[in-house]
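Residue-level listing of the chains:
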Amino acid sequence: MMSHVDDEDCQEVEPERGVNQSGFRMKKSRVISYQGTVTKVVSEGAGLYVIDRKVGLCLAYQPTLRRKLRAGDSVELHHVHFLYRPCPDFPPSMLCTCLRSSLRVTTFSRVGGSSSSSSSSPDSSCPGDGVLPRLLLEKNMSVSEYLWTCHLSSQLTHSLVPTVLKQQCVCVLSWKLMECVWRRGGGGGGGGRRDIYSEMLDEPHTCPLSQYSTNPTVHQSISVSELSRSLQSESWSSVSLRSLLSSGGSGLTRSQINSALAWSFRTQTGDRPGQRPLLVVGVLELPSETSDHQTLQLRDGTGGVACVVTETREEEEGGQRSAFNTAWIGCLVCVQQFTMVTERFLQSDFPSYQHLDQDQYITHKHCRSPENTTHLFLCKQSIFSSVDRGSLL
């Protein structure tokens, strides 16, 4: 009986032909027994928990337990599948139960009441009405897809409910977005009809958890306010004042140097080198009458940002032009590829070019409000999911 798991407990198999891209690969799970204590209820409805503060537990591939697990329960698991890094949003070590697995509570927790409300935070819990396990049973998708969808559901609950969507619509929306993201990225798996008798009786044992996909570069969901805050915090951290001047900056006068530094901008794409690409979900809206920028806005429940939708010109290969369609207004969109532009303003009194590394000559630097300073340039072809909110309400 194991009480800990190691990284080498998972046996890697060769990547599937034609799928060796973006870090995606297939692995075989290992069947083990494990005992430990539930330390966190991630989502009672989705069947997700944490054991011993470091091992994830997924019960979604089994029928729902009559008594939900609570933080403090000591559990004993037999014939459970050990997976390593099936989803970057969850603990690296994951235990997943199939129809042949058994779970026994050896010591009951002294914590009473609803475990999900007492041991999970709003940011880590996804809707607890069991919608996602039912979708999993109906669609028979892979465990990696399921875990990513659960985390996305948690993120969208924070950013879209209740101002944009109702709570009961979030799970269905998350599932639809998962199908778009994973299928476009070449990942995923599952599908087909489950044979429950074969899962329980056949030798050698095979089930949807026997093999799983890993993709450390799968998209990371981010709210509009988080996106704006990260852009503003990074807008000055990575800038070199000398780089903002022309090649002959050393010959500029005091007035010319400070004037040249007064305004600048920074561009960044959603595909960040060495990091997971970003995914933004929001509603396209017209600006309010009091807004300084009379342009289209991408907005969720946390904030808004000015945006410009572009499209590729057919007559000019690679050329871009702005696009607009009144049918987009009020639509919920998921944007995968975009360019962000942030304006920077600097008040300074540098005596010369040689003093640019001395911060005491900077009197004030700032970025204005996100709606006025940060602009998203969205390629129309990258808005791969557009839903009328009325169909979800």
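Quick summary incoming for the structure in this document. (Residues numbered from 1 in each chain as written. Predicted model: local features only at pLDDT ≥ 70, side-chain atom pairs only at ≥ 80, totals over all residues. Heavy atoms only, no water.)

Below, the discussion takes up the overall build of the protein. A tally of regular secondary structure across the protein gives eight helices and 20 strands. Per-residue burial over the protein gives 49% buried out of 393 residues. Counting contacts in the protein only where the partners sit at least 6 residues apart, residues at least 24 apart contribute 74% of the total. Split by element, the accessible area of the protein, about 19300 Å² in all, is 47% carbon and sulfur. (Helix = DSSP H or I, 4+ residues; strand = E, 2+ residues; numbered from the N terminus. Buried < 20%, exposed > 50% of the residue type's maximum accessible area, 1.4 Å probe, protein only. Contact = heavy atoms within 4.5 Å. Areas by Shrake-Rupley, 256 points an atom, 1.4 Å probe, with all protein chains shown as cover.)

Within the largest apolar cluster, 62 residues are counted, with the highest numbers of intra-cluster contacts made by Leu-48, Leu-95, Tyr-146 and Trp-148. In this structure Trp-148 touches Cys-87, Asp-89, Leu-177, Met-178, Val-181, Trp-182, Val-218, His-219, Arg-276 and Leu-279, once residues within four positions along its chain are discounted. The next biggest cluster of nonpolar side chains, apart from the first, holds 20 residues, and it includes Leu-296, Ala-323, Phe-338 and Met-340. (Core = buried A, V, L, I, M, F, W, Y, C linked by side-chain atoms within 4.5 Å.)

The subject of this paragraph is the packing of aromatic side chains. Remark: the centre distance and the inter-plane angle together describe each pair of aromatic rings, the angle taken between the planes. Applying the stated criterion to the full structure yields two aromatic pairs. A centroid spacing of 5.7 Å and a plane angle of 45 degrees characterise the contact between Trp-263 and Phe-265, whose relative ring orientation is tilted. Overall, Trp-263 belongs to the partly exposed group, its relative accessible area being 43%. Across from the ring centre of Tyr-353, 5.1 Å away, lies the NZ or CZ of Arg-242, which sits over that ring. (Phe/Tyr/Trp six-rings, centres within 6.5 Å; stacked < 30°, edge-to-face > 60°. Lys NZ or Arg CZ within 6 Å of the ring centre and 35° of its normal.)

What follows deals with the packing of helix 2 (residues 131–139) against helix 3 (residues 143–160). Helices that pack against each other are described as a pair by the angle of their axes relative to one another and the distance between those axes. Relative to each other, helix 2 and helix 3 sit at 150 degrees, their axes nearing to 11 Å. As judged from the angle between their axes, helix 2 and helix 3 are roughly antiparallel. Relative to helix 3, helix 2 is oriented so that their crossing is right-handed. Along the contact surface, helix 2 presents Leu-132, Pro-133 and Leu-136, while helix 3 presents Tyr-146, Thr-149, Cys-150 and Ser-153. (Axes fitted to C-alpha atoms, helices over the stretch in contact; angles between N-to-C directions. Parallel < 35°, antiparallel > 145°, perpendicular 65-115°, else oblique. Left-handed = near helix turned anticlockwise from the far one by under 90°.)

The final tally for this structure, using the stated rule, is zero disulfides. Among the cysteines around Cys-98, which has no disulfide bond, Cys-207 carries the closest sulfur, lying 4.1 Å off. (Disulfide = S-S within 2.5 Å.)

What follows concerns a nonpolar patch on the surface. Among the surface-exposed residues, Ile-196, Tyr-197, Met-200 and Leu-201 lie close enough to one another that they form a single nonpolar patch of about 430 Å² accessible area. Looking at the element boundaries, Ile-196 is found in helix 5 (residues 196–201). (Patch = residues over 30% accessible without salt bridge, like charges linked within 9 Å, V, L, I, M, F, W, Y side chains within 5 Å. Salt bridge = Lys/Arg side-chain N within 4 Å of Asp/Glu carboxyl O.)

With that out of the way, let us pick up helix 2. Buried within helix 2 we find Val-131, Leu-132, Pro-133, Leu-135 and Leu-136. Once helix 2 ends, the next one or two residues include Asn-140, with phi positive near 55 degrees.

Going through the model one piece at a time under the given rule, you end up with seven salt bridges. Between Asp-73 and Arg-67 there is a salt bridge; the shortest N-O distance is 2.8 Å. On the basis of relative accessible area, Asp-73 is assigned to the buried category, the value being 0%. Using a relative accessible area of 27% as the deciding quantity, one classes Arg-67 as partly exposed.

Another point: unusual backbone geometry. Residue Pro-162 is reached from Val-161 by a cis peptide bond, and omega for that bond is 0 degrees. Within the secondary structure layout, Pro-162 lies in the loop between helix 3 and helix 4 (167–184). Following Glu-203, the chain continues into Pro-204 via a peptide bond in cis, with omega recorded as -5 degrees. By secondary structure assignment, the location of Pro-204 is in the loop between helix 5 and strand 9 (211–214). Phi at Arg-85 is positive, roughly 55 degrees, even though this residue is not glycine. Residue placement: Arg-85 occurs in the loop between strand 6 (74–84) and strand 7 (93–96). Residue class for Arg-85 comes out partly exposed when judged on its relative accessible area of 46%. Not every positive phi belongs to a glycine, and Asn-140 is a case in point at roughly 55 degrees. Within the secondary structure, Asn-140 sits in the loop between helix 2 and helix 3.

Among the structural elements, Gln-297 can be located in strand 13 (residues 297–300). A polar contact is formed between the side chain of Gln-297 and the side chain of Arg-299, at a distance of 2.9 Å. (Polar contact = N/O pair within 3.5 Å; in protein donor to acceptor, adjacent residues only side chain to side chain.)

Burial within strand 16 (residues 331–335) is extensive, with five of its five residues counted as buried. On strand 16, burial covers both faces: Cys-331, Val-333 and Val-335 on one face and Leu-332 and Cys-334 on the other are all buried. Examined bridge by bridge, strand 12 (residues 278–285) and strand 16 share four bridges and lie antiparallel to one another. Across the sheet, residue Val-283 finds its bridge partner in strand 16, namely Leu-332. (Pairing = 2+ DSSP bridges.)

Relative to the assigned elements, Thr-97 resides in the loop between strand 7 and strand 8 (102–107). If sequence neighbours within four positions are ignored, Thr-97 has contacts with Leu-57, Cys-58, Leu-59, Tyr-61, Gln-62, Leu-77, Val-80 and Leu-209.

On to the layout of surface pockets. A volume near 370 Å³ is recorded for the largest pocket. Every residue lining the largest pocket is counted, 21 residues in all, and those nearest its centre are Ala-60, Gln-62, Pro-63, Thr-64 and Pro-133. Among the residues forming the lining of the largest pocket, the class breakdown is twelve nonpolar, five polar and four charged. Of the volumes computed, that of the second largest pocket is approximately 190 Å³. Every residue lining the second largest pocket is listed: Gly-23, Arg-25, Lys-27, Arg-85, Cys-87, Pro-88, Phe-90, Pro-92, Thr-214, Asn-215 and Pro-216. Class assignment for the residues of the lining of the second largest pocket results in five nonpolar, three polar and three charged. (1 Å grid on protein atoms, 1.4 Å probe; cavity = no way out; pocket = protein on both sides within 12 Å on 5 of 7 lines; lining within 4 Å. Points joined across faces, edges and corners; volume = space filled by probe spheres on them. Nonpolar A, V, L, I, M, F, W, Y, C, P; charged D, E, K, R; others polar.)

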